[in-house]
Amino acid sequence: MLIYALQGNQEIALKLSHAINSSALETLSLNTNNLGDTFLITLLRHLDSPDLRELQISTTDITNVSAQELVCFLTSERSQPLEVLKCNGNGIGLDTLRTLYSTLQKSNFTLRTFEAHGAAWAGVEALIAEESAKMYHSTMEDLRKVTLRNELLRNRLYEQALSLLRYSRTLLLPSSR
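Residue positions are given per chain, counting from 1 as you read along its sequence in written order. Restriction of local features to residues with pLDDT of at least 70 applies here, the model being predicted, together with a cutoff of 80 or more for giving and counting side-chain atom pairs; totals for whole chains, interfaces and linings are based on all residues. As a convention, hydrogens and water are excluded, and side-chain values are obtained from all of the structure's heavy atoms.

### Quick word on the pattern of salt bridges
- The salt bridge criterion pairs a side-chain nitrogen of Lys or Arg with a carboxyl oxygen of Asp or Glu, the two atoms within 4 Å. Applying the stated criterion across every chain yields a total of nine salt bridges.
- Between glutamate 69 and arginine 45 there is a salt bridge, with the nearest N and O atoms lying 3.0 Å from each other. Separated by 24 residues along the polypeptide, glutamate 69 in helix 4 (residues 67-75) and arginine 45 in helix 3 (residues 36-46) bring together distant segments of the chain.
- Residue class for arginine 45 comes out exposed when judged on its relative accessible area of 52%.
- Across the pair arginine 112 and glutamate 83 runs a salt bridge, and its minimum N-O distance is 2.9 Å. Numbering of helices and strands starts at the N terminus; helices are DSSP runs of H or I of at least 4 residues and strands are runs of E of at least 2. We call a residue buried when its accessible area falls under 20% of the maximum for its residue type, exposed when it is over 50%, and partly exposed in between, using a 1.4 Å probe and counting protein chains only.

In structure tokens, the structure reads:
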């Protein structure tokens, strides 16, 4: 009963986003709830948590209707803490995956893991064509490369920060003489 109360309920999505924003929650798993596009769009529009590192929205009954809001969220400063996005088993479609790839490649350098297995199966008849299947696999490989780039950039940043820490301590800490 509760699951159906969430589906498309903008008021609950708004309250949930405000609760997350004022908490120290690092992982939000909404997996296997039939939330739908309206719920996700409302949630993403208001989500602004500095601590949220992982968002799991697999099999939540979202479609390509949510794509634009997902792109807006991933390109905004509000998503900078986010390192993991899992949206497996949703019917977002191949075009949405291509759009997400383009977005991540150009505008998001913090997302390290992106999962969308089975997400292009919206319009199964389109994927039956060999060309579409190749494009799907190519897109998934492109997405993997972008998240790998982000992982490498993050590791390099941490290495540089640690090496600078040695010098900054000397400059910032008062001498003990």
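### Looking at the nonpolar core
- To define a nonpolar core, start from buried Ala, Val, Leu, Ile, Met, Phe, Trp, Tyr and Cys residues and group those joined through side-chain atoms within 4.5 Å. Core analysis: the largest hydrophobic core is formed by 35 residues, its most contacted members being Ile57, Leu74, Leu85, Leu97 and Phe114.
- Within the residue set of this core, elements represented by two or more residues are helix 2 (10-21), helix 3, helix 4, helix 5 (94-107) and helix 7 (130-172).
- It only takes one pair of heavy atoms within 4.5 Å for two residues to be counted as in contact. Each residue touching phenylalanine 114, except ones within four places of it in the same chain, is listed here: Leu85, Cys87, Leu97, Leu100, Leu104, Leu143 and Thr147.

### Comments concerning the packing of helix 2 against helix 3
- Closest axis-to-axis distance for the helix 2/helix 3 pair is 8 Å, and the angle between their directions is 35°. By crossing handedness, the relation of helix 2 to helix 3 is classed as right-handed. Together, Gln10, Ile12, Ala13, Leu14, Leu16, Ser17, Ile20 and Asn21 of helix 2 and Thr38, Phe39, Thr42, Leu43 and His46 of helix 3 make up the contact between the two elements.
- Under this grouping Gly is polar, as are all residues other than the nonpolar Ala, Val, Leu, Ile, Met, Phe, Trp, Tyr, Cys and Pro and the charged Asp, Glu, Lys and Arg. Considered class by class, the residues forming the contact of helix 2 with helix 3 number seven nonpolar, six polar and no charged. Here an angle of 0 to 180 degrees is reported between the N-to-C directions of two axes, which are lines fitted to C-alpha atoms, with helices fitted over the stretch in contact. Crossings are classed by handedness, with left-handed meaning an anticlockwise turn of the near helix from the far one by less than a right angle and right-handed meaning a clockwise turn.

### Comments concerning the sheet that holds strand 1 (residues 27-29)
- Should DSSP find at least two bridges between two strands, the strands are taken to pair. What the four strands build is an open sheet, ordered 1-2-3-4; its pairing is parallel. Single-partner strands in this sheet number two, and they are strand 1 and strand 4 (113-115). Geometrically, the sheet is characterised by an average inter-axis angle of 0° between neighbouring strands, direction not taken into account.
- Sheet topology places strand 2 (residues 54-56) next to strand 3 (residues 84-86); three bridges connect them, and they run parallel. Bridged to glutamine 56 within strand 3 is lysine 86.

### A few points about the side chain of glutamine 56
- In this structure, glutamine 56 sits in strand 2.
- Relative accessible area serves as the criterion here: at 13%, glutamine 56 is assigned to the buried category.
- Each polar contact in these results corresponds to two N or O atoms within 3.5 Å; when the atoms are within protein, one needs to be able to donate a hydrogen and the other to accept it, and residues that are neighboring in sequence are counted only if both atoms are side-chain atoms. Here glutamate 54 takes part through its side chain, which lies 2.5 Å from a polar atom of the side chain of glutamine 56.
- Among all residues touching glutamine 56, those that are not within four sequence positions of it are Thr27, Leu28, Ser29, Leu30, Asn31 and Lys86.

What is shown is where atoms sit, not what they do.
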